[in-house]
Amino acid sequence: MSEEYQQIPRMEEEEEGIDILALLKGLLKGWKTILIVFAVFTVLGLLAAITMKRTYTVSSVMVPQTSSRSNSSLSSLASLAGFSLNATPTPELSPLVYPQIVNSVPFRRELMHTPLHYAQADTAVSMITYYKDYAKPTTLSKIKKYTIGLPGVILKAVRGKKEPIVMPVDSTAAGEGVYIPRPIVLTEDEEKLMELISRSVSLDVDKKEGYLTLTVVGTEPIQTAELAVKAQTMLQDEVTRFRTMKAQDELDYIQARYNEVKKDAESAQYALARMTDRSQSMTTSQARIETERLQSRYNLANSIYLEMAKQLENAKMAVKKDTPTLSILQPITVPVKPSNSRAKTLVVWMFMGFVLGCGIVLIKDWLPKFKEKWNSAGEEEESKQPKTT
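Residues numbered from 1 in each chain as written. Predicted model: local features only at pLDDT ≥ 70, side-chain atom pairs only at ≥ 80, totals over all residues. Heavy atoms only, no water.

Draft legend 1. Layout of the overall build of the protein chain. In terms of helices and strands, the protein chain carries 13 helices and four strands. Sorting the 389 residues of the protein chain into buried and exposed places 27% on the buried side. Carbon together with sulfur atoms contributes 60% to the accessible area of the protein chain, which is approximately 27,500 Å² in total. (Helix = DSSP H or I, 4+ residues; strand = E, 2+ residues; numbered from the N terminus. Buried < 20%, exposed > 50% of the residue type's maximum accessible area, 1.4 Å probe, protein only. Areas by Shrake-Rupley, 256 points an atom, 1.4 Å probe, with all protein chains shown as cover.)

Draft legend 2. View of the sheet that holds strand 2 (residues 201-206). Strand order in this open sheet of four strands is 2-3-1-4, and the pairing throughout is antiparallel. Strand pairing shows two members of the sheet lacking a second neighbour, strand 2 and strand 4 (325-330), which therefore form its edges. Pairwise comparison of adjacent strand axes, ignoring direction, gives a mean angle of 30 degrees for this sheet. For strand 1 (residues 56-65) and strand 4, the ladder comprises five bridges, and the chain directions are antiparallel. When the bridges of strand 4 are listed, Val-61 appears paired with Gln-330. Contacting strand 1, strand 2, strand 3 (211-218) and strand 4, helix 10 (residues 221-243) runs over the sheet at an angle of about 145 degrees to strand 3. (Pairing = 2+ DSSP bridges. Axes fitted to C-alpha atoms, helices over the stretch in contact; angles between N-to-C directions. Contact = heavy atoms within 4.5 Å.)

Draft legend 3. How the structure looks around a nonpolar patch on the surface. Taken together, the side chains of Ile-36, Val-40, Val-43, Leu-44 and Leu-47 present a nonpolar region at the surface, about 440 Å² in accessible area. In this fold, Leu-44 is placed in helix 2 (residues 31-51). (Patch = residues over 30% accessible without salt bridge, like charges linked within 9 Å, V, L, I, M, F, W, Y side chains within 5 Å. Salt bridge = Lys/Arg side-chain N within 4 Å of Asp/Glu carboxyl O.)

Draft legend 4. Region of the structure containing the pattern of salt bridges. Counted by the stated rule, this structure contains six salt bridges. Where Glu-110 meets Lys-230, a salt bridge forms, and the shortest distance between an N and an O atom there is 3.6 Å. Taken together, the residues Glu-110 in helix 5 (residues 105-112) and Lys-230 in helix 10 connect sequence positions 120 residues apart. Arg-199 is the salt-bridge partner of Glu-195, the closest N and O atoms lying 4.0 Å from each other. One end of the pair is Glu-195 and the other is Arg-199, both in helix 9 (residues 188-200) and four residues apart, which spans about a single turn.

Draft legend 5. Structural view of the packing of helix 5 against helix 10. Put simply, helix 5 and helix 10 touch, their axes get as near as 10 Å, and they point 145 degrees apart. For the element pair helix 5 and helix 10, the recorded crossing hand is right-handed. Of helix 10, the residues touching helix 5 (which contributes Phe-107, Glu-110 and Leu-111) are Leu-227, Lys-230, Ala-231, Met-234 and Leu-235. Looking at side-chain class alone, the contact of helix 5 with helix 10 contains six nonpolar, no polar and two charged residues. (Left-handed = near helix turned anticlockwise from the far one by under 90°. Nonpolar A, V, L, I, M, F, W, Y, C, P; charged D, E, K, R; others polar.)

Draft legend 6. Highlighting helix 5. For helix 5, every residue scored as buried is listed here: Phe-107, Arg-108, Leu-111 and Met-112. Looking straight down helix 5, one finds that the buried residues subtend no more than 130 degrees of arc, so they occupy a single side. Buried positions along helix 5 lie against helix 4 (98-102), helix 6 (127-134), helix 9, strand 2 and helix 10. (Arc of directions from axis to C-beta.)

Draft legend 7. Summary view of the nonpolar core. Among the nonpolar cores identified, the biggest contains 34 residues, and Tyr-98, Leu-111, Val-201, Leu-203 and Leu-235 are the most heavily contacted of them. Here this core takes seven residues from helix 10, the largest share from any one element. What Val-201 contacts, discounting residues up to four positions off in sequence, is Val-102, Asn-103, Leu-111, Leu-214, Thr-215, Val-216, Leu-227 and Ala-231. (Core = buried A, V, L, I, M, F, W, Y, C linked by side-chain atoms within 4.5 Å.)

Draft legend 8. Geometry of the packing of aromatic side chains. Throughout the structure, instances matching the rule amount to five aromatic pairs. Pairing Tyr-118 with Tyr-130 gives two aromatic rings, centres 3.8 Å apart and planes at 5 degrees, and the pair type is stacked. Note that Tyr-118 is positioned in the loop between helix 5 and helix 6 and Tyr-130 in helix 6, a separation of 12 residues in sequence. Taken as a pair, Tyr-118 and Tyr-130 share a single burial class, namely buried. With 5.2 Å between their ring centres and 85 degrees between their planes, Tyr-130 and Tyr-131 make a pair best called edge-to-face. Here Tyr-130 falls in the buried class, since its relative accessible area comes to 6%. Classification of Tyr-131 by relative accessible area gives partly exposed; the value is 29%. Among the aromatic residues, those joined into a cluster by ring pairs are Tyr-118, Tyr-130, Tyr-131 and Tyr-134. (Phe/Tyr/Trp six-rings, centres within 6.5 Å; stacked < 30°, edge-to-face > 60°.)

Draft legend 9. Layout of the pairing of strand 2. Judged from the six bridges that link them, strand 2 and strand 3 form a sheet pairing that is antiparallel. From the neighbouring strand, Asp-206 faces strand 3, where its bridge partner is Tyr-211. With antiparallel pairing between neighbouring strands as the criterion, strand 2 and strand 3 make up a hairpin whose turn holds four residues, including Gly-210 at a positive phi of roughly 85 degrees.

Draft legend 10. Expanded view of the side chain of Ser-200. Its place among the elements puts Ser-200 in helix 9. Classification of Ser-200 as buried rests on a relative accessible area of 9%. Look past the residues within four positions of Ser-200 in its chain and what remains in contact with it is Thr-215, Val-216 and Val-217.

Draft legend 11. Structural detail: the environment of Met-275. Counting through the fold element by element, Met-275 comes out in helix 11 (residues 245-278). A relative accessible area of 6% means that Met-275 is categorised as buried. Beyond its immediate sequence surroundings of up to four residues, Met-275 is in contact with Ala-287, Glu-290, Thr-291 and Leu-294.

Draft legend 12. Focus on the packing of helix 6 against helix 9. Remark: helix 6 packs on helix 9, axes separated minimally by 10 Å, with the N-to-C direction vectors making an angle of 110 degrees. Between helix 6 and helix 9, the angle falls in the class roughly perpendicular. Crossing hand, helix 6 versus helix 9: right-handed. Mapping the contact onto sequence places Met-127, Ile-128, Tyr-131 and Lys-132 in helix 6 and Asp-189, Glu-190, Leu-193, Leu-196 and Ile-197 in helix 9. (Parallel < 35°, antiparallel > 145°, perpendicular 65-115°, else oblique.)

Below is the structure:
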């Protein structure tokens, strides 16, 4: 019995070795097919590598900071988690919302209209102008357009050119200087660039460490760095605008009241001066009473004016005190080397060709055997079923 048990694993090892040898023999037998598929994918890889557009990547690491009264390490961590530990309610924007700001339509629209320096343009031009007047489609994009994208080209030609949407202007809707929110209307060129901007500019938030990573991908080194600087500046301005919105509204209100009180104080002062000049040659009781009345009016207006001046300075200090900043840990630098490699692209295509060639050979070799086993298994099941008379 022991000899039989020893023979069983040996037989299994032999069968496994025979299967591996059969697999290798099948691959060697179909070496022509593997070589043809490998050569085809190598040529495709060379074309893809040659026609591939070079891309450059710029990254900047930032930490959100604020100079509010309740600023602490605990409250900063709480803000990253999406809530605030402050005792007094203050308008706080969680860093988790920052990526939504970067992906918003107004943010991307301003980026595409920002002048940038391209090698093909003599002066700084916007992205929408560059892709419309300067950029040329690559060979690979043309092939893709008239192969995979051919149905879309046909549908676009059948539908014709879309008429641009124009929002009507109603002059009677509001008075002069009154702002009315209106929907954003994008042109056809802007719609095409929206997806490109969303792939080019991204912002990631590390909840554990508490820092932000701004990543920008572009076609040229200087253009990519300038786009990253613009995106970083816009993010800082947007966060500042939201954070100081309440304080700025209060400042605007106090500024308006200050201007009114200052005008009233100056008017009372001029009236008192004129009455004083006229009453120098008069000693009547009426002149004295009028002077005292104007003096009281001026004193009241001046005291209100001085109080409003203090409140105005406090409001200005509150706006500056609540202004957040993004502390930059890793500044933006102009990239030297492209982020994509033509050699890696060629290697990937060659590997895909080798794997696909081996797969075709194995399928051709093992498909008849699989069909034979499938048919034999079906015949065995039919033989095991009892025959009915």
